[in-house]
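Notes for the structure review
Chain residues, written in single-letter form:
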Amino acid sequence: MSARPDRTPLPRSFFDRPVLTVAPDLLGRTLVRRTPDGPMELRITEVEAYEGEADPGSHAYRGRTARNASMFGPPGHAYVYFIYGMWFSLNLVCGPPGHASGVLLRAGEVTVGAELARKRRVSARNDRELAKGPARLATALAVDRSLDGADLCSGTDSPLSLLTGTPVAPDLRSHGPRTGVGGAGAAHPYRYWITDDPTVSPYRAHAPRRRST
């Protein structure tokens, strides 16, 4: 019988490390989302790291803007962005203030509050698909721009927090190129996932958008 996930909140020092150290260490951790309808919890199974101004694939590659300001720290906060005019994505800010690195939460298993997630993800064919992909994850957990900058380390008053959970051993992790990233950042092997976990999203290479003629 496996041990229950550890309910100890992770301190800010967990996030105040290089992003390529934090990203794989997030696998198996428990994300808590508190909503007016009730709490939800997610076992993190897939992530992607972004190194800020050193990373051509990052929103912060060309510097600070009103949109990406939360990426610049301090660590242990949320960075939420709107993409394609349709979806939100949830990132966790890492490293020292001013460095602008973060980890995109790509997928997970809803372990508490699945009934709430199902109401938001009515197209999911089963519970494995509730948070299988970053847009689905954000939808299932009711994540939008109102959570941008939320402090994950401020205790139960915060709408988001991270618990120790059940960390995944290195030999049970996989890594490879990030999904949908093109250009100079396409080959960076900054995507990490729990090997063979059914909630992990499928890999898709970047496909340039064609302009209509």
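Before any of the text, the structure's been laid out above.
Now for a description of the structure that goes with this document.

Calculation notes
Residues numbered from 1 in each chain as written. Predicted model: local features only at pLDDT ≥ 70, side-chain atom pairs only at ≥ 80, totals over all residues. Heavy atoms only, no water. Core = buried A, V, L, I, M, F, W, Y, C linked by side-chain atoms within 4.5 Å. Buried < 20%, exposed > 50% of the residue type's maximum accessible area, 1.4 Å probe, protein only. Helix = DSSP H or I, 4+ residues; strand = E, 2+ residues; numbered from the N terminus. Contact = heavy atoms within 4.5 Å. Salt bridge = Lys/Arg side-chain N within 4 Å of Asp/Glu carboxyl O. Phe/Tyr/Trp six-rings, centres within 6.5 Å; stacked < 30°, edge-to-face > 60°. Lys NZ or Arg CZ within 6 Å of the ring centre and 35° of its normal. Pairing = 2+ DSSP bridges. Polar contact = N/O pair within 3.5 Å; in protein donor to acceptor, adjacent residues only side chain to side chain. Disulfide = S-S within 2.5 Å.

**Description of the nonpolar core**
By size, the foremost hydrophobic cluster in this structure holds 42 residues, and its most contacted members are Leu26, Leu31, Val47, Leu90, Leu105 and Leu162. Looking at this core, the element that brings in the most residues is strand E3 (residues 38-50), giving five residues. In contact with leucine 105, not counting residues within four places along its chain, are Leu26, Leu31, Ile44, Glu46, Val47, Leu90, Leu92, Pro134 and Leu137. Tyr50, Phe72, Tyr81 and Val181 belong to the second largest nonpolar core, which has ten residues in total.

**What to know about the pattern of salt bridges**
Summed over all chains, the structure comprises 13 salt bridges. The shortest N-O distance in the salt bridge between arginine 17 and aspartate 25 comes to 3.0 Å. Here arginine 120 and aspartate 37 are joined by a salt bridge, their closest N and O atoms 3.4 Å apart. A residue pair is termed long-range when its members are at least 10 positions apart, and arginine 120 in helix H3 (residues 114-120) and aspartate 37 in the loop between strand E2 (30-35) and E3 qualify at 83 residues.

**Focus: the packing of aromatic side chains**
Within the structure shown, the criterion is met by three aromatic pairs. Plain terms: the ring middles of tyrosine 79 and tyrosine 81 are 5.5 Å apart, the flat faces sit at 40 degrees to each other, and that makes the pair tilted. Neither residue differs from the other here; tyrosine 79 and tyrosine 81 are each classed as buried. Each ring, one from phenylalanine 82 and one from phenylalanine 88, has its centre 4.7 Å from the other, and the planes form 35 degrees; the classification is tilted. With a relative accessible area of 39%, phenylalanine 82 lands in the partly exposed category. Just above the ring of phenylalanine 14 sits the side chain of arginine 17; from NZ or CZ to the centre is 4.6 Å.

**Description of the pairing of strand E9 (residues 191-194)**
Burial of E9 is two-sided: the residues Arg191 and Trp193 facing one way and the residues Tyr192 and Ile194 facing the other way are all buried. Two strands pair when backbone bridges link them, and E3 and E9 are joined in this way by three bridges, in the antiparallel orientation. In the strand pairing of E9, glutamate 48 is matched with arginine 191. The pairing of strand E8 (residues 173-176) with E9 spans four bridges and is antiparallel.

**Here we look at the side chain of arginine 33**
Turning to its location among the elements, arginine 33 is positioned in strand E2. Among the polar contacts made by the side chain of arginine 33, one reaches the main-chain carbonyl oxygen of alanine 142 at a distance of 2.8 Å. Apart from the residues lying within four places of it in its own chain, the contact partners of arginine 33 are Gly38, Pro39, Met40, Leu141, Ala142, Val143, Leu147, Pro159 and Leu160.

**Let's talk about the side chain of serine 174**
By the element assignment, serine 174 lies in strand E8. Residue serine 174 is classed as buried on the basis of its relative accessible area, which comes to 19%. In terms of polar contacts, serine 174 uses its side chain to reach the side chain of threonine 195, at 2.6 Å.

**Description of the state of the cysteines**
Evaluated as defined, the whole model comprises zero disulfides. Sulfur of cysteine 94: no disulfide; nearest cysteine sulfur belongs to cysteine 153 and is 10 Å away.

**Thoughts on unusual backbone geometry**
In this structure, alanine 100 takes a positive phi of about 65 degrees despite not being glycine. Examined against the element boundaries, alanine 100 turns out to sit in the loop between strand E5 (87-94) and strand E6 (101-112).

What is shown is where atoms sit, not what they do.
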